[in-house]
Amino acid sequence: MKKNINILTHYLNLNDIHVDKTEFEYQLNGHPEFPNILSFSDTLHFFNIDCSVFEIDKEDVELLPENFLSINEGDFKLEDKKNYDISTSNVVLLVDKSEIFHNEKKKNNILLWSMLLLSALVLSILLIDFSFFYIGTAFLSLSFLGIFLSYEAYKKTHGKGTFIPLGVCQNKMLKTDCDYVFNYKKWKFFDISEISLLFFFSQMISFIILAIYKDLSFYYFIYKYIFYLFIPISFISLYYQVIVIKKLCPVCIGIILSVYGQLALLLFLPNSLVSVNPFSIILYLIFVLASVLFLLYLKEKISWNNKLKEEIIKSSRFKKNYAFFRNNLSIQKKTLNDDFLNSFNFGTPDSNLTLTLVTNPSCKYCKEFYPTFMRIINNYGNKVNIRLVLDADLDNFPENLRATYINLACIYENSEDKTTFFVALEEWYNIRTDKNEIDKWYNKYSHLFNNQYDVISILNNQKKWRNINDINFTPDIFINGYQYPIEYDRADLEYFISEMVG
């Protein structure tokens, strides 16, 4: 399934859809149907990615986008419409690339700015000793490249997603297979990615320290001899790849070339006598040791987090089992006097599944859950009876809050398309603290703010129903009258809707 995840995330990237691959794998592994195709489509929907699986005929091929995934015996294949062979598989998966994933973009921006700030710091330090400016700039550029490649190698070794394109690391024609090389059993006694990461990281730290101390001559002197020791190691790595394994690792070769590039730069330096300063040696050893300890701490923390996540996945897989959820739901509190409830309704009234949401336009947690609720409306509105209740206490509310509840109820009562109400509430959650946007919202829906006396009666009836059932907190969810179990996150509801409507 790792291959499927890599192909799927590569396909998402082609469509300008970027997700946290680690979080995607976590949610995917927790799905009770994993590794079936249903688990992939459900997880995509959970990440708010619209996707569909189609069985197509030959005449439908022209309607397909340029790139898509074909599904054959549970495996994904990235297809190009021009070269697509429908006889191999006529089942395809498509995603809607209209969604923009701001959180992932924000993370990438933070990483980019961090690298830019670090580069600015290093550049400033290089200016302290301008005699090594050009050599130092080129040298550290290769150090940055080495850190990047080593970190990507580390992620690949530990089963995480990387920026390295799938076609680079796994190519039959070029005989490349990074995963196979990294996990080759003969060298399990050491981790190539960890050693190279430590090497380049300590190289960067010691450079900064010795540049501040103004003893880069000693730094270049010591690393020239360290690089000489690296030569036999690189030949051993290439020997195993070319002769023994018969598979190449482009990332490994990139790391090797980075080191040889640094060695070539040092050969351009004049062979002047270097006075070995004991304090420089002490500084170098201290910060190399500090780099080792820091990376060991980081590795231990990552290992602990992975173990914790594995336990969570096991627990999540059990918790998200539908039979367990259904049994848990059946023992929850059941609402009374549902016929008395004047709720805001949408969907299919005669459905076997009735979903009731009690919400509050001023509630932070309601705002967090509401996008999930809207996805359920959009995806299952024709199969589910959906009811929404506002947590209104008009007698005790201040005038502005009272007006908000009444206006929302008016939008429902007076709009021809009842989805207008749900959209208006979603918009309200997004602008509820912005006075200018609130004014625009009022102008947009003001033509629906009439018959207020009737909606006040509806809101008061909803209050009576809540009091009868002792509903005091929002958001509160009920499925066929049974209260949603507190053991589950509200977002988990999406996992079970497809089972319940089926």
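Keep in mind that this is a model prediction, so the values were computed, not measured. (Residues numbered from 1 in each chain as written. Predicted model: local features only at pLDDT ≥ 70, side-chain atom pairs only at ≥ 80, totals over all residues. Heavy atoms only, no water.)

### Points about the overall build of the chain
Stage number 1. Looking only at helices and strands, the chain features 18 helices and eleven strands.
Stage number 2. Going through the 502 residues of the chain one by one, you find that 44% of them count as buried.
Stage number 3. Considering only contacts within the chain whose residues lie at least 6 apart along the sequence, 76% involve residues at least 24 apart.
Stage number 4. Entry remark: accessible area of the chain is about 27,200 Å², with carbon and sulfur atoms responsible for 58%. (Helix = DSSP H or I, 4+ residues; strand = E, 2+ residues; numbered from the N terminus. Buried < 20%, exposed > 50% of the residue type's maximum accessible area, 1.4 Å probe, protein only. Contact = heavy atoms within 4.5 Å. Areas by Shrake-Rupley, 256 points an atom, 1.4 Å probe, with all protein chains shown as cover.)

### A few points about the sheet that holds strand S1 (residues 51-55)
Stage number 1. The strand order across the open sheet built from four strands is S1-S4-S2-S3, with neighbouring strands paired in antiparallel fashion. In this open sheet, the two edge strands, each paired with only one partner strand, are S1 and strand S3 (75-80). Each strand axis lies, on average, 30° off the axis of its neighbour in the sheet, ignoring direction.
Stage number 2. As judged from the five bridges shared by S1 and strand S4 (residues 91-95), these two strands associate in the antiparallel manner. The partner of serine 52 across the bridge, within S4, is leucine 94.
Stage number 3. Together, S1, strand S2 (67-72), S3 and S4 form the strand contacts of helix H3 (residues 37-46), whose direction differs from that of S1 by roughly 145°. (Pairing = 2+ DSSP bridges. Axes fitted to C-alpha atoms, helices over the stretch in contact; angles between N-to-C directions.)

### Some points on the confidence of the model for the chain
Stage number 1. The share of residues in the chain with pLDDT of 70 or more is 80%, and the mean pLDDT across the chain is 78.
Stage number 2. Taken together, the stretch residues 98-105 has pLDDT below 50 and engages in eleven contacts with residues farther than four places along the chain or on a different chain. (pLDDT = per-residue confidence, 0-100.)

### Points about the environment of serine 196
Stage number 1. Mapped onto the elements of the fold, serine 196 is located in helix H8 (residues 192-212).
Stage number 2. Contacts of serine 196, omitting those with residues within four sequence positions, involve Ser150 and Ile255.

### Section: the sheet that holds strand S8 (residues 354-359)
Stage number 1. Across the sheet, which stays open at both edges, the five strands sit in the order S7-S9-S8-S10-S11 with mixed pairing between neighbours. Two strands bound the open sheet, and with one partner strand each, they are strand S7 (344-347) and strand S11 (482-483).
Stage number 2. Bridge count between S8 and strand S10 (residues 476-479): four bridges; the pairing is antiparallel. Opposite threonine 356, over in S10, you have phenylalanine 478 as the bridge partner.

### Quick word on the packing of aromatic side chains
Stage number 1. All told, the structure shown has 40 aromatic pairs when counted by the stated rule.
Stage number 2. Plain terms: the ring middles of phenylalanine 207 and tyrosine 219 are 5.2 Å apart, the flat faces sit at 80° to each other, and that makes the pair edge-to-face. In this pair, phenylalanine 207 sits in helix H8 while tyrosine 219 sits in helix H9 (residues 216-245), placing the two residues twelve residues apart along the sequence.
Stage number 3. Given a relative accessible area of 0%, phenylalanine 207 falls into the buried group.
Stage number 4. Taking relative accessible area as the criterion, tyrosine 219 reaches 0% and is therefore assigned buried. (Phe/Tyr/Trp six-rings, centres within 6.5 Å; stacked < 30°, edge-to-face > 60°.)

### Digging into a nonpolar patch on the surface
Stage number 1. On the surface, a nonpolar cluster with roughly 650 Å² of combined accessible area is contributed by Phe221, Tyr225, Tyr228, Leu267, Val276, Ile281 and Leu285.
Stage number 2. Of all the secondary structure elements, the ones that give two or more residues to the nonpolar patch are H9 and helix H11 (278-319).
Stage number 3. Looking at the nonpolar patch element by element, the count peaks at three residues for H9.
Stage number 4. Following the sequence through the fold, phenylalanine 221 ends up in helix H9. (Patch = residues over 30% accessible without salt bridge, like charges linked within 9 Å, V, L, I, M, F, W, Y side chains within 5 Å. Salt bridge = Lys/Arg side-chain N within 4 Å of Asp/Glu carboxyl O.)

### Observations concerning the packing of helix H15 (residues 419-431) against helix H16 (residues 435-445)
Stage number 1. Look at H15 against H16: their axes get within 10 Å of each other, and the N-to-C directions meet at 165°. Between H15 and H16, the angle falls in the class roughly antiparallel. Relative to H16, the crossing made by H15 is left-handed. Contacts between H15 and H16 involve Thr420, Val423, Ala424, Glu427, Trp428 and Ile431 from the former and Glu437, Ile438, Trp441, Tyr442, Lys444 and Tyr445 from the latter. (Parallel < 35°, antiparallel > 145°, perpendicular 65-115°, else oblique. Left-handed = near helix turned anticlockwise from the far one by under 90°.)

### Thoughts on unusual backbone geometry
Stage number 1. Positive phi values are uncommon outside glycine, yet asparagine 451 reaches one of about 55°.
Stage number 2. By the element assignment, asparagine 451 lies in the loop between H16 and helix H17 (452-468).
Stage number 3. Residue asparagine 451 is classed as partly exposed on the basis of its relative accessible area of 46%.

### With respect to helix H12 (residues 322-330)
One turn of the α-helix equals 3.6 residues, which is why residues spaced by three or four share an orientation.
Stage number 1. What H12 keeps buried is the set Phe325, Asn328 and Leu329. Along H12, the residues classed as buried sweep out an arc of 100° about the axis, all on the same side. (Arc of directions from axis to C-beta.)

### Quick notes on the side chain of glutamine 483
Stage number 1. Relative to the helices and strands, glutamine 483 is located in strand S11.
Stage number 2. At 3.0 Å, the side chain of glutamine 483 forms a polar contact with the side chain of aspartate 476.
Stage number 3. Beyond its immediate chain neighbours, meaning those up to four positions away, glutamine 483 contacts Leu329, Gln332, Lys333, Asp476, Ile477 and Phe478. (Polar contact = N/O pair within 3.5 Å; in protein donor to acceptor, adjacent residues only side chain to side chain.)

### Considering the packing of helix H13 (residues 364-380) against H15
In a packed pair of helices, the relevant descriptors are the angle between the two axes and the axis-to-axis distance.
Stage number 1. Two elements in contact, H13 and H15, have axes whose closest approach is 10 Å; the angle formed by their N-to-C orientations is 155°. One element, H13, and the other, H15, form an angle in the roughly antiparallel class. Remark: the crossing between H13 and H15 carries left-handed chirality. Residues Cys366, Lys367, Tyr370, Phe373, Met374 and Ile377 of H13 touch H15, and the partners they reach there are Phe422, Val423, Leu425, Glu426, Tyr429 and Asn430.
Stage number 2. Among the residues forming the contact of H13 with H15, the class breakdown is nine nonpolar, one polar and two charged. (Nonpolar A, V, L, I, M, F, W, Y, C, P; charged D, E, K, R; others polar.)

### Thoughts on the side chain of serine 415
Stage number 1. Its location among the elements puts serine 415 in the loop between helix H14 (399-414) and H15.
Stage number 2. For serine 415, the side chain forms a polar contact with the main-chain oxygen of aspartate 417, separated by 3.4 Å.

### Remarks on the pairing of S10
Stage number 1. The alternating pattern of S10 places Asp476 and Phe478 and Ile477 and Ile479 on opposite faces, both of which are buried.
Stage number 2. Sheet analysis places S10 next to S11, joined by two bridges and oriented antiparallel. The residue bridging isoleucine 479 from the neighbouring strand is tyrosine 482, located in S11.
Stage number 3. Connecting the antiparallel pair S10 and S11 is a turn made up of two residues, with asparagine 480 showing a positive phi of about 50°.

### Quick notes on the nonpolar core
Stage number 1. Counting residues in each nonpolar core, the largest one holds 79 residues, and the members touching the most others are Phe373, Leu388 and Leu493.
Stage number 2. Residues in contact with phenylalanine 373, not counting those within four places in the same chain, are Leu355, Leu357, Ile386, Leu388 and Phe422.
Stage number 3. Among the nonpolar cores identified, the runner-up in size contains 37 residues, and Ala153, Leu216, Phe218 and Phe230 belong to it. (Core = buried A, V, L, I, M, F, W, Y, C linked by side-chain atoms within 4.5 Å.)

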